[in-house]
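Tertiary structure, described
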Amino acid sequence: MEHQTLYERIGGDAALRQLTDKFYDLVFNHELISRLFKTDKDLIKEKQRLFLTQFLGGPQLYSEVYGHPMMRARHMPHTITEDDAVAWLQCMASAVESLSLPEELKNELFDRFPRTASFMVNSGD
């Protein structure tokens, strides 16, 4: 049997579109972290979808359009605290939970995010 990536196992592009829509509905209205997402909201969602496609083992869409992700460097202009990372993860947890996937797969998907969120923290404030 061929090994499937996490991207494929969650349902590919359709699942990521659902995930990013739900996630950003929460983020754009979150009192703590909405300040981090003030540019073109459709572009933010699209970049996240492209990144997550690549991050979860799908096609290298983000790199094809924007080059190497360099996520920490791209986030450095924004002050990101530990509280921001926790809020981001809470929004992602809710978005993952909204997917129609088996609980085990939801857990596997969510487990990909805490390390990355922590890595984005660049301020102790």
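Above this note sits the structure.
Predicted model, so just to flag it, every value in this text is computed and none were measured.

1. Observations concerning the packing of aromatic side chains
Scanning the model with the defined rule gives nine aromatic pairs in all. Measuring from ring centre to ring centre gives 6.1 Å for Phe51 and Tyr62, while their planes differ by 90°; the resulting arrangement is edge-to-face. Residue Phe51 is found in helix α3 (residues 41–55), and its partner Tyr62 is found in helix α4 (residues 61–66); the two are separated by eleven residues along the sequence. Taken as a pair, Phe51 and Tyr62 share a single burial class, namely buried. Here the aromatic cluster, defined as three or more aromatic residues joined through ring pairs, consists of Phe23, Tyr24, Phe28, Phe37, Phe51, Phe55, Tyr62, Trp88 and Phe113. Taking the ring centre of Phe28 as reference, the NZ or CZ of Lys41 above it sits at 4.8 Å. Of note, Arg112 hangs over the ring of Phe55, and the distance from its end group to the ring centre comes to 4.6 Å.

2. Points about the pattern of salt bridges
This structure, assessed with the given rule, holds eight salt bridges. A salt bridge links Asp21 to Lys45, with the nearest nitrogen and oxygen atoms 2.9 Å apart. Of this pair, Asp21 sits in helix α2 (residues 12–27) while Lys45 sits in helix α3; the two residues are 24 residues apart in sequence, bridging distant segments of the chain. Between Glu103 and Lys106 there is a salt bridge; the shortest N-O distance is 3.9 Å. Of this pair, Glu103 and Lys106 are both found in helix α7 (residues 103–110), three residues apart, which corresponds to roughly one turn of the helix.

3. Remarks on the nonpolar core
Ile10, Leu19, Trp88, Leu109 and Phe113 are the most contacted members of the largest nonpolar core, which totals 37 residues. Elements that contribute at least two residues to this core include exactly α1 (6–10), α2, α3, α6 (82–97), α7 and α8 (114–120). Examining the composition of this core, we find that eight residues originate from one element, α6, more than from any other.

4. Considering the environment of Tyr62
Its relative accessible area of 4% is what places Tyr62 among the buried residues. Residues Tyr62 and Lys47, spaced 15 residues apart in sequence, show a C-alpha to C-alpha distance of 7.0 Å.

5. What about the environment of Lys106?
Overall, Lys106 belongs to the buried group, its relative accessible area being 8%. In this structure the side chain of Lys106 is engaged in a polar contact, spanning 3.2 Å, whose partner is the backbone oxygen of Leu99.

6. Details of the packing of α6 against α7
Viewed as axis vectors pointing N to C, α6 and α7 meet at an angle of 150°, and their least axial separation amounts to 10 Å. As summarised for this structure, α6 and α7 are arranged roughly antiparallel, according to the angle between their axes. In the packing of α6 onto α7, the handedness of the crossing is right-handed. For the pair formed by α6 and α7, the contact residues are Leu89, Met92, Ala93, Val96 and Glu97 on the first element and Glu103, Lys106, Leu109 and Phe110 on the second. Partitioning the contact of α6 with α7 into residue classes produces six nonpolar, no polar and three charged.

7. Considerations on the packing of α2 against α3
Direction vectors running N to C along α2 and α3 enclose 135°, while the axes themselves pass 10 Å from each other. With respect to each other, α2 and α3 are oriented oblique. In this structure, the crossing between α2 and α3 has a hand that is right-handed. In this structure, α2 uses Asp13, Leu16, Arg17, Leu19, Thr20, Asp21, Phe23 and Tyr24 to contact α3, whose residues at the interface are Ile44, Lys45, Glu46, Gln48, Arg49, Leu52 and Thr53.

Criteria and cut-off values
Residues numbered from 1 in each chain as written. Predicted model: local features only at pLDDT ≥ 70, side-chain atom pairs only at ≥ 80, totals over all residues. Heavy atoms only, no water. Phe/Tyr/Trp six-rings, centres within 6.5 Å; stacked < 30°, edge-to-face > 60°. Helix = DSSP H or I, 4+ residues; strand = E, 2+ residues; numbered from the N terminus. Buried < 20%, exposed > 50% of the residue type's maximum accessible area, 1.4 Å probe, protein only. Lys NZ or Arg CZ within 6 Å of the ring centre and 35° of its normal. Salt bridge = Lys/Arg side-chain N within 4 Å of Asp/Glu carboxyl O. Core = buried A, V, L, I, M, F, W, Y, C linked by side-chain atoms within 4.5 Å. Polar contact = N/O pair within 3.5 Å; in protein donor to acceptor, adjacent residues only side chain to side chain. Axes fitted to C-alpha atoms, helices over the stretch in contact; angles between N-to-C directions. Parallel < 35°, antiparallel > 145°, perpendicular 65-115°, else oblique. Left-handed = near helix turned anticlockwise from the far one by under 90°. Contact = heavy atoms within 4.5 Å. Nonpolar A, V, L, I, M, F, W, Y, C, P; charged D, E, K, R; others polar.

That's the geometry; what it means functionally is another story.
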